[in-house]
Amino acid sequence: MLLAEYSSKELLTQYGVKVPPGKVARTAKEAEDRCAEIDTRKYVVKAQIAAGGRGRAGGVKFAATPSSVRNEAEKMLAAQLTTDQTGDQPQTVTAVYVEAFVDHTAQYYIAIVLSPDTGQPTLLASPNGGIDFENLAKTNEGTVTTHQLSGDANSDKAPLIEFLASIGIEEPNAADQILSASDAFIANDMILLEINPFARKPDGHWVALDAKIAIDPSALFRHPELEAIATAQNLPQEESDAQKSNINLVKMTGNLGVVTNGAGLGLATNDMIIDEGGRPANFMDIRTTATSMDIARGVELLLNQPAVKAILLNIHGGGMTMCDTVAEGINFAYSRNERNLPIVARLAGQNAEWGRRILVERKVPVEIFDDLSAAVKRAVSVVSGGAS
Amino acid sequence: MGILIGPDTRLLVQGITGRAGTFYTDQAMRYGTTCVAGVRPGRGGTTHLGLPVFHTVNEAVAETEANASLVVVPAPKAADAIIEAIEADLDLVVCISERVPQHDMRRVKAALADSKTILVGPNSQGILAPGTCKIGVMPTRDAKPGSIGIASRSASLTSEVLARFSAADLGQSTTVGIGGDVLHGLGFVECLKRFGDDPETKAVVLIGELGGREEEEAANYLSSVDYGKPVIALVVGRHAPVGRRMGHAGTLSLLGAATANDKINALTSAGVLIANDVNDVVKTTLKAQDLANS
C-alpha cells in the first residue's frame, strides 16, 4: 500500500525528516491560492499518485508564478498518468502538491527496506539520485550500496555516520534525518521508505525532495489512521471489493476473465493464456478462507466488466477450498447476473467431480475439459470468436 | 526417508482449538502424523480431538516430548507463537498463517538467528512426506511415496504438479512449501542441501514465481557445487505485470528486477532444466532423469 508524496512527507516530518514547505490542493484555483502560504521564488507542482516514475511521465512541473502554478495544476488534475510503475492501470490525478523549489548541490537516492536475509532494516544509498535513478540502477548493478541498521538509533548512529562519509555525505544532519526516517519506518510498519532525491542544500542542510512510502498491508490493523489514507486513494474499486471477499484480484486489460484458486496457479494460468495468444482480463487468487458467497462476489466483479467476453475457470481443489465450493460460487453469481458469459472449466483435485456436476446440473453455460492446455486453448478461441 | 519430517516427528499444534487448527490437526492425525499435544493459552488442562491442551509450548514439550510445531494462529499473534516455539527449542516449526506483518518477522528472524530451530513459512502450505507424515494444509489424495523432492513457493501449484507426478507413477519423497511471503524461514537453498543428502530423493523440483531472491540464490548454490541430482524448475509469472502484488506478498518486487524470466535465465545457467508450464513438468523431469542416467 503506497502513500502519496504529501502523505509520506507529512508522516516523515513528524519524526524529524526535513522537507520543503508545501501544500496539497485539489483544484487549480486552490493550487494558486496556496502559493501565498509558501515562501519561495519558484514553485514545483507535483501530481499526487500512489506510484513512482512520475518525473519522467510529466507529473512534475516547475512554475515561476502563482498563475503559472494554476495553469500547470489545471493540466495535471483529472488527467490520467501512466508511469513506468503504474503497470496497466493509469492513475487519475485527484490532487497536486505545490512545493517550494529548493536549490541543491547534490542528490542522493536513499531507501530503507527489511532485508530478506536478516529481516532487519537495511539502508540502500546511491549518489546518483533523481528521476533517472531507476533506469540507472537497472543497467548498472554497482549503483547502490547497502548498510545494515538495527532500528536502535543510539547504536546505529556511529556506524551510519561512517557509512555516509564513505559515499560522500559528510554533514551530521543527514545522519540524524536518516535515523529519524528509520524510526518512522519501524513505528509505521513500512516495507519501503524511499527518499529520492535526498538533496544537499548549498548551506549543507539535507532535505527530502520526494518521498515514497509503502505500508505493509498485513499490518494495517494496528494503523487505523493510515488505513483511512489508503482507502481514500489506492486500489481500483473492484480490487478492494474483492479483498473484502477474501479474493486477491488484479485488473488487467484483456477480455478473458480468469477464476483460479491460489496465487501460483493464477500466475501459471495467465502465463498459459498469454502463451496461447490470449489476453487475461485479470489475475485472481481465491484465498483458502473464501466461502462460496465470497467467490460469487469475485465472479460478479468479472461479469460486470463489459470487456470480459468469457471466463476460464481453473481450480485445483484442496486444503479448505474444494471444487464444489467454487462451483457453488459460480452458480450463485450466474443466478443473479444478467450476463450469461460462456465458461470454460477445468476442475481437478478435491471434489472435482462434484464441482463439475454442480455446474452442469445448474445449467451454467459451461464447457468442461480434463486437460488444462485444452481448456486454455478453448477459452482463448471462445473470446476470439471461435465456433464451438 | 525424505527430509525434515518422518516417523520420529512428534507434532504439537499451536492454535489447535480454532476452526482451521481443528481441521488441519484432524487431517494430520488421519494421515498418520504422530500428534501429541495442542497449545492454546487459557485452555490448558482441557483436551481437544483427544489430545491434551497446554497453556504454553514449554509445558507441552515437557509433558509430551513434542519436537515439531504447526502454527495455526491468527496473523497478528503468529510471530509470538513462532518465537515461543523457537525458545522451546523445537526442531521444526511450520507456520501456515497468512498475512503475518513483516515487521513481526523482524523479531522472528532475530530469534531464529541463534537457535537450532528450522522455521518453514509463514504463509506456507506445510510439509508432506507421502504415506508417512503431513504437517500443513495440502490435500493428500493424489500424493504417492517415491523419489521426487519438491520445494515450492506456491501451495496450489504444488498440488497441481504433485497430482501430475503421481498420475505418471512418479512418487514424491517430501514436498516443502517455503511460503509466499518476502520474509520467511527455510529457503530453496536449504531444501536443495537436504534433498541432496537424502538417499531417497533422486530428483528435485523447484516451483518458483516472480519476485524475491529464492530462485537466484538456488542458482548460485547449484553453480557452486557438484549437486549430483537432476534439478527441474517451474517459474510462473512470466507475463505478469510489473510492480503489482499478485496474491503472494513476495511477488511484489519493490526493488525492481526479479522477473520470472531473469530467474529462468539464472537457473538455466546453473544447469537446471526448465519446465515451461505445469503441463511440462513431468516430461521435463523424465528428460532430466534420462540425462542423469546416460
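The structure presented is a predicted model; accordingly, all values stated were derived computationally and were not measured. (Residues numbered from 1 in each chain as written. Chains lettered and ligands numbered in written order. Predicted model: local features only at pLDDT ≥ 70, side-chain atom pairs only at ≥ 80, totals over all residues.)

A word on the overall build of chain B
Inference 1: In terms of helices and strands, chain B carries nine helices and 14 strands.
Inference 2: Its C-alpha atoms give chain B a radius of gyration of 19 Å, near enough to 19 Å, the size a compact globule of 294 residues would have.
Inference 3: With the C-alpha coordinates of chain B rotated into their principal frame, the extents come out at 55 × 40 × 30 Å.
Inference 4: Long-range pairs, those at least 24 residues apart, make up 71% of the contacts in chain B with a sequence separation of at least 6. (Helix = DSSP H or I, 4+ residues; strand = E, 2+ residues; numbered from the N terminus. Rg over C-alpha atoms; globule rule 2.2 N^0.38 Å. Contact = placed C-beta atoms within 7 Å.)

Some thoughts on the overall build of chain A
Inference 1: The helix and strand inventory of chain A stands at 13 helices and 19 strands.
Inference 2: Dimensions of chain A, computed from C-alpha atoms along their principal axes, come out at roughly 75 × 50 × 40 Å.
Inference 3: Across the 388 residues of chain A, 51% fall into the buried class.
Inference 4: Counting contacts in chain A only where the partners sit at least 6 residues apart, residues at least 24 apart contribute 70% of the total. (Buried ≥ 20, exposed ≤ 12 C-beta atoms within 10 Å, placed from the backbone.)

A word on the interface of chain B and chain A
Inference 1: At the interface, 50 residues of chain B touch 48 residues of chain A.
Inference 2: Its residues assigned to classes, the side of chain B that touches chain A shows 24 nonpolar, 15 polar and eleven charged. (Nonpolar A, V, L, I, M, F, W, Y, C, P; charged D, E, K, R; others polar.)

Quick look at the packing of helix H11 (residues 323-335) of chain A against helix H12 (residues 352-361) of chain A
Residues and elements named next belong to chain A.
Inference 1: Taken N-terminus to C-terminus, the directions of H11 and H12 make an angle of 15°; their axes are 7 Å apart at the nearest point. Between H11 and H12, the angle falls in the class roughly parallel. Taken as a pair, H11 and H12 cross one another with a handedness that is right-handed. Each of Cys-323, Asp-324, Val-326, Ala-327, Glu-328, Ile-330 and Asn-331 in H11 lies in contact with H12, whose residues at this interface are Ala-352, Trp-354, Gly-355, Ile-358 and Leu-359.
Inference 2: In the contact of H11 with H12, the residues fall into eight nonpolar, two polar and two charged. (Axes fitted to C-alpha atoms, helices over the stretch in contact; angles between N-to-C directions. Parallel < 35°, antiparallel > 145°, perpendicular 65-115°, else oblique. Left-handed = near helix turned anticlockwise from the far one by under 90°.)

A short note on the environment of B:Phe188
All names here are of chain B.
Inference 1: Note on placement: Phe-188 falls in helix H6 (residues 188-197).
Inference 2: Here Phe-188 falls in the buried class, since 28 other C-beta atoms lie within 10 Å of it.
Inference 3: Through-space distance from the C-alpha of Phe-188 to that of Ile-207 is 9.5 Å; in sequence the pair is 19 residues apart.

Thoughts on unusual backbone geometry
Leaving glycine aside, a negative phi is the common case for residues, and trans is the common case for peptide bonds.
Inference 1: Going from A:Asn196 to A:Pro197, the amide bond is cis rather than trans, its omega being 5°.
Inference 2: Cis rather than trans, the peptide bond between B:Gly121 and B:Pro122 has omega equal to 10°.
Inference 3: Positionally, B:Pro122 belongs in the loop between strand E7 (118-120) and strand E8 (126-129).
Inference 4: At B:Leu49, a residue that is not glycine, the phi angle is positive and equals roughly 55°.
Inference 5: Within the fold, B:Leu49 resides in the loop between strand E3 (47-48) and strand E4 (51-54).
Inference 6: With a phi angle near 65°, B:Arg99 is a residue other than glycine that sits in the positive phi range.

With respect to helix H3 (residues 75-87) of chain B
Residues and elements named next belong to chain B.
Inference 1: If you check H3, its first and last C-alpha atoms are 19 Å apart, about what 13 residues at 1.5 Å a residue would give, namely 18 Å.
Inference 2: When H3 is considered as a whole, its buried residues turn out to be Ala-78, Ala-79, Ala-81, Ile-82, Ile-83, Glu-84, Ala-85 and Ile-86.
Inference 3: In this structure, the buried residues of H3 make contact with strand E1 (11-14), helix H2 (57-64), strand E5 (68-71), strand E6 (92-95), helix H4 (102-113) and E7.
Inference 4: Following H3 by one or two positions, Asp-89 adopts a phi angle in the positive range, close to 65°. (Expected span 1.5 Å × (residues − 1).)

Observations concerning the packing of helix H5 (residues 153-166) of chain A against helix H6 (residues 172-187) of chain A
Residue and element names in this part refer to chain A.
Inference 1: Axis separation between H5 and H6 bottoms out at 10 Å; the angle between their running directions is 135°. Here H6 runs oblique to H5, going by the angle between their axes. In terms of crossing hand, the pair formed by H5 and H6 is right-handed. Residues Ala-153, Asp-156, Lys-157, Leu-160, Ile-161 and Leu-164 of H5 form the contact with H6, whose own contacting residues are Pro-172, Ala-174, Ala-175, Ile-178, Leu-179, Ser-182 and Asp-183.
Inference 2: The class makeup of the residues in the contact of H5 with H6 is nine nonpolar, one polar and three charged.

Description of the sheet that holds strand E4 (residues 60-63) of chain A
All names here are of chain A.
Inference 1: Strands sit in the order E2-E7-E3-E4 across an open sheet of four strands; the sheet is antiparallel. Of all strands in the sheet, those bounded by a partner on one side alone are strand E2 (22-25) and E4. Each strand axis lies, on average, 20° off the axis of its neighbour in the sheet, ignoring direction.
Inference 2: Where E2 meets strand E7 (residues 96-100), four bridges bridge the pair, whose relative direction is antiparallel. Looking at E7, one finds that Ala-25 is bridged to Val-96.
Inference 3: Across the sheet, helix H3 (residues 66-76) is in contact with E2, strand E3 (43-47), E4 and E7; its angle to E3 comes to roughly 10°. (Pairing = 2+ DSSP bridges.)

Details of the pairing of strand E14 (residues 247-251) of chain A
For a regular strand, side chains alternate in direction, first toward one face of the sheet and then toward the other.
Residues and elements named next belong to chain A.
Inference 1: In terms of burial, E14 is a largely internal element, five of the five residues being buried.
Inference 2: Covered by surrounding structure in E14 are Ile-247, Leu-249 and Lys-251 together with Asn-248 and Val-250, the residues of both alternating faces.
Inference 3: Examined bridge by bridge, E14 and strand E16 (residues 282-286) share five bridges and lie antiparallel to one another. Each residue of the ladder has a partner; that of Leu-249, found in E16, is Met-284.

Overview of the environment of B:Thr64
Residue and element names in this part refer to chain B.
Inference 1: By secondary structure assignment, the location of Thr-64 is in helix H2.
Inference 2: It is 46 Å that separates the C-alpha atoms of Thr-64 and Lys-287, two residues lying 223 residues apart in sequence.
Inference 3: Apart from residues no more than four positions distant in its own chain, Thr-64 is found in contact with Arg-10, Leu-12, Val-36 and Ala-37.

Quick word on the pairing of E6(B)
All names here are of chain B.
Inference 1: On E6, burial covers both faces: Leu-92 and Val-94 on one face and Val-93 and Cys-95 on the other are all buried.
Inference 2: For E5 and E6, the ladder comprises four bridges, and the chain directions are parallel. Residue pairing across strands places Leu-70 opposite Val-94, the latter belonging to E6.
Inference 3: Crossover handedness for the path E5 to H3 to E6: right-handed.
Inference 4: In the classification by handedness, the crossover that spans E6, the intervening H4 and the parallel E7 is right-handed. (Right-handed = clockwise from strand over helix to strand, strands pointing away.)

Some points on the sheet that holds E7(B)
Residues and elements named next belong to chain B.
Inference 1: Strand order across the open sheet formed by seven strands is E3-E4-E2-E1-E5-E6-E7, with mixed pairing between neighbours. A strand with exactly one partner marks an edge of an open sheet, and here the two such strands are E3 and E7.
Inference 2: The sheet contact formed by E3 and E4 spans two bridges and is antiparallel. By the bridge assignment, His-48 is partnered in E4 with Leu-51.
Inference 3: Sheet strands touched by H2: E1, strand E2 (35-39), E4 and E5. Its angle to E2, the strand with the most contacts, is close to 155°.

Some words on helix H10 (residues 292-303) of chain A
Residue and element names in this part refer to chain A.
Inference 1: Its twelve residues place the ends of H10 16 Å apart at the C-alpha level, agreeing with the 16 Å of an ideal helix rising 1.5 Å per residue.
Inference 2: Of all the positions in H10, only Ile-295, Ala-296, Gly-298, Val-299, Glu-300, Leu-301 and Leu-302 are classed as buried.
Inference 3: Residues of H10 that are buried make contact with helix H8 (237-244), E14, strand E15 (256-260), E16, strand E17 (310-317) and H11.

Structural notes on the confidence of the model for chain B
Inference 1: Per-residue pLDDT for chain B has a mean of 94; in total, 97% of the residues score no lower than 70.
Inference 2: Across the assembled chains, the prediction reports ipTM 0.92 with pTM 0.91. (pLDDT = per-residue confidence, 0-100.)

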